[in-house]
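Residue-level listing of the chains:
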Amino acid sequence: MKWLIPGLWLAAILYGHYRGKVRLSWARVFLDHSVLLAPVNAFMVLTSRVPTSPYVATREFPELQKLQDNWEIIRDEALRMQELRRIKAAENNDDIGFNSFFKYGWKRFYLKWYDARHPSAEELCPRTVAILKTIPTIKAAMFAELPDGGQLNKHRDPFSGSLRYHLGLATPNDDRCYIEVDGQPYSWRDGEGVVFDETYIHEAHNRSGANRVILFCDVERPLKWRWAEAFNHWFGRVVMSAASSPNDSGDKTGAINRLTHLHHQFDLKRKQFKAWNRTVYKTVKWALVVVVVGAFVWL
């Protein structure tokens, strides 16, 4: 019996790894943060009521049509936030979910994050927030900017209880500004929406010479059974809400992000260690992984 839990966990990790055509290296597979949620993610995918392909047709989510119908209203508020320079990187290392994106030029302004309130968004973007409130399946939303020359390297997001929706607001309308999900490219266009599964390996690039601003949403994945959906609701409310990051001091900072200052200090030390001797760094890292896994199996 002691092998049952680690065996199921390993099976879930391998299931996630082999789902798509594009895969990370084995080193990244076992050290990636998505490993922690591998059993939850496998459960969400296996009970999904919509196709589990890299891209999912927007017709599977008819409620999102309201966003597309009002895209110019949303765009105007996004451009206002851009003009005020409110679409920006986190200033206090308090956005653990996206900290690694900021160094490549990506920026954001939160409109909603699960059960955490963002009064700044309610004040500055009232029309967009009002529209979002009429669509309860949207669990998180933000304006996301990717300037010319910006990029997001290959990665997978940690939680498959949602799917990602992008709505083009002020884009280059150019194939050189694109996202690639499991090797399949999509170029943003003003007023057009796309849904994809962010737990497939994906990357984004802007080589167009112009800026790109989109509405970025996490939409709850429809599941086959009510009890499964109830679990998804609970997990989002308790775990995902804890990853809330503020636009400014008046917004809620989740428990996870309140610890990110310590994480940031640790990460600086880790990078210094890695720069000192990469071979020793890798040896120590894998030794720690073996010790943790061994201790878990022993218990």
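Parameters at a glance
- Residues numbered from 1 in each chain as written.
- Predicted model: local features only at pLDDT ≥ 70, side-chain atom pairs only at ≥ 80, totals over all residues.
- Heavy atoms only, no water.
- UniProt positions renumbered as here; feature names shortened; annotations may be inferred.
- Pairing = 2+ DSSP bridges.
- Helix = DSSP H or I, 4+ residues; strand = E, 2+ residues; numbered from the N terminus.
- Contact = heavy atoms within 4.5 Å.
- Axes fitted to C-alpha atoms, helices over the stretch in contact; angles between N-to-C directions.
- Domains from an automatic or database assignment.
- 1 Å grid on protein atoms, 1.4 Å probe; cavity = no way out; pocket = protein on both sides within 12 Å on 5 of 7 lines; lining within 4 Å.
- Points joined across faces, edges and corners; volume = space filled by probe spheres on them.
- Nonpolar A, V, L, I, M, F, W, Y, C, P; charged D, E, K, R; others polar.
- Buried < 20%, exposed > 50% of the residue type's maximum accessible area, 1.4 Å probe, protein only.
- Arc of directions from axis to C-beta.
- Salt bridge = Lys/Arg side-chain N within 4 Å of Asp/Glu carboxyl O.
- Phe/Tyr/Trp six-rings, centres within 6.5 Å; stacked < 30°, edge-to-face > 60°.

Looking at an unreviewed UniProt entry, one finds the chain named Lipid A hydroxylase LpxO, with Achromobacter aloeverae as its source organism. Looking at the chain in UniProt, the text filed under Sequence similarities (unreviewed entry) is "Belongs to the aspartyl/asparaginyl beta-hydroxylase family."

A.B. asks: How do you make sense of the sheet that holds strand β2 (residues 107-113) when you look at a structure like this?
C.D. replies: Backbone hydrogen bonds are what pair the strands of a sheet, in a parallel or an antiparallel way. Read across the sheet, 6 strands follow the order β1-β8-β5-β10-β3-β2 without closing on themselves; strand pairing throughout is antiparallel. Across the chains shown, the open sheet's two edge strands, defined by having one partner strand only, are β1 (55-56) and β2. Bridge count for β2 against strand β3 (residues 138-146) is 6 bridges, and the pairing is antiparallel. Paired with Y110 across the bridge in β3 is M142. Across the sheet, helix α5 (residues 71-83) touches β2, β3, β5 (162-170) and β10 (212-220), and the angle it forms with β5 is around 80°.

A.B. asks: What exactly am I supposed to notice about the sheet that holds strand β6 (residues 177-181) here?
C.D. replies: Spatially, β4-β9-β6-β7 is the arrangement adopted by the 4 strands of the open sheet, whose pairing is antiparallel. Taken across any chain shown, the strands that pair with only one partner, and hence form the sheet edges, are β4 (151-155) and β7 (184-187). Adjacent strand axes in the sheet meet at a mean angle of 20° when their direction is disregarded. Here β4 runs beside strand β9 (residues 202-206); their pairing, made up of 3 bridges, is antiparallel. For L152, the partnering residue across the bridge sits in β9 and is A204.

A.B. asks: Looking at this structure, I do not really get the domain arrangement of the chain. What am I missing?
C.D. replies: The accessible area lost on association of the parts is a frequent measure of interface size. When cut into domains, the chain gives domain 1 (55-243) and domain 2 (256-298). Relative placement of domain 1 and domain 2: their C-alpha centres are 30 Å apart.

A.B. asks: Can you help me understand empty space enclosed by the protein in this one?
C.D. replies: Empty space among the atoms becomes visible once a probe the size of a water molecule is rolled across them. Tallied over the full model, the rule gives 3 cavities of 30 Å³ or more. Of all the secondary structure elements, the ones that give two or more residues to the lining of the largest cavity are α1 (4-18) and α3 (38-46). At 5 residues, α1 tops the list of elements feeding residues into the lining of the largest cavity. Taken together, the residues that form the lining of the largest cavity break down as 9 nonpolar, 6 polar and 4 charged. The volume enclosed by the second largest cavity comes to roughly 120 Å³. Taken together, 16 residues form the lining of the second largest cavity, with W106, L152, H166, I179 and F216 sitting closest to its centre.

A.B. asks: Would you mind showing me how to read helix α7 (residues 126-133) here?
C.D. replies: Counting along an α-helix, one turn takes 3.6 residues, and residues three or four places apart therefore face a common direction. Of all the residues in α7, the buried ones are T128, V129, I131 and L132. Along the axis of α7, the buried positions cluster into a sector of 160°, meaning they face one direction only. Residues R127 and K133 are exposed on α7 and point more than 90 degrees away from its buried face.

A.B. asks: What should I look at first to understand the layout of surface pockets in this one?
C.D. replies: Roughly 170 Å³ of internal volume is contained in the second largest pocket. In terms of lining residues, the second largest pocket is bounded by L111, K112, Y114, D115, A116, R117, H118, E122, V129, L132 and K133. Listing elements by their share of the lining of the second largest pocket, those giving two or more residues are β2 and α7. By residue number, the principal contributor to the lining of the second largest pocket is α7, which donates 3 residues. When the residues that make up the lining of the second largest pocket are grouped by side-chain class, the tally is 5 nonpolar, 1 polar and 5 charged.

A.B. asks: For this particular structure, what's the right way to read the pattern of salt bridges?
C.D. replies: Opposite charge on two side chains lets them pair, provided their charged atoms get close. The final tally for this structure, using the stated rule, is 13 salt bridges. The salt bridge involving E122 is made with R117; its shortest N-O contact spans 2.6 Å. For E122, a relative accessible area of 27% puts it in the partly exposed group. Measuring nitrogen to oxygen at the nearest pair gives 2.8 Å for the salt bridge that ties D174 to R176.

A.B. asks: What am I meant to see in the packing of aromatic side chains here?
C.D. replies: In this description, an aromatic ring pair is defined by two values, namely the gap between the centres and the angle between the planes. Taken as a whole and assessed by the stated rule, the structure comprises 16 aromatic pairs. With a centroid separation of 5.1 Å and 20° between ring planes, the pair formed by F159 and F235 is classed as stacked. Taken together, the residues span a long stretch of sequence, with F159 in the loop between β4 and β5 and F235 in helix α8 (residues 226-238) at a distance of 76 residues. Assigned by exposure class, F159 and F235 land together as buried.

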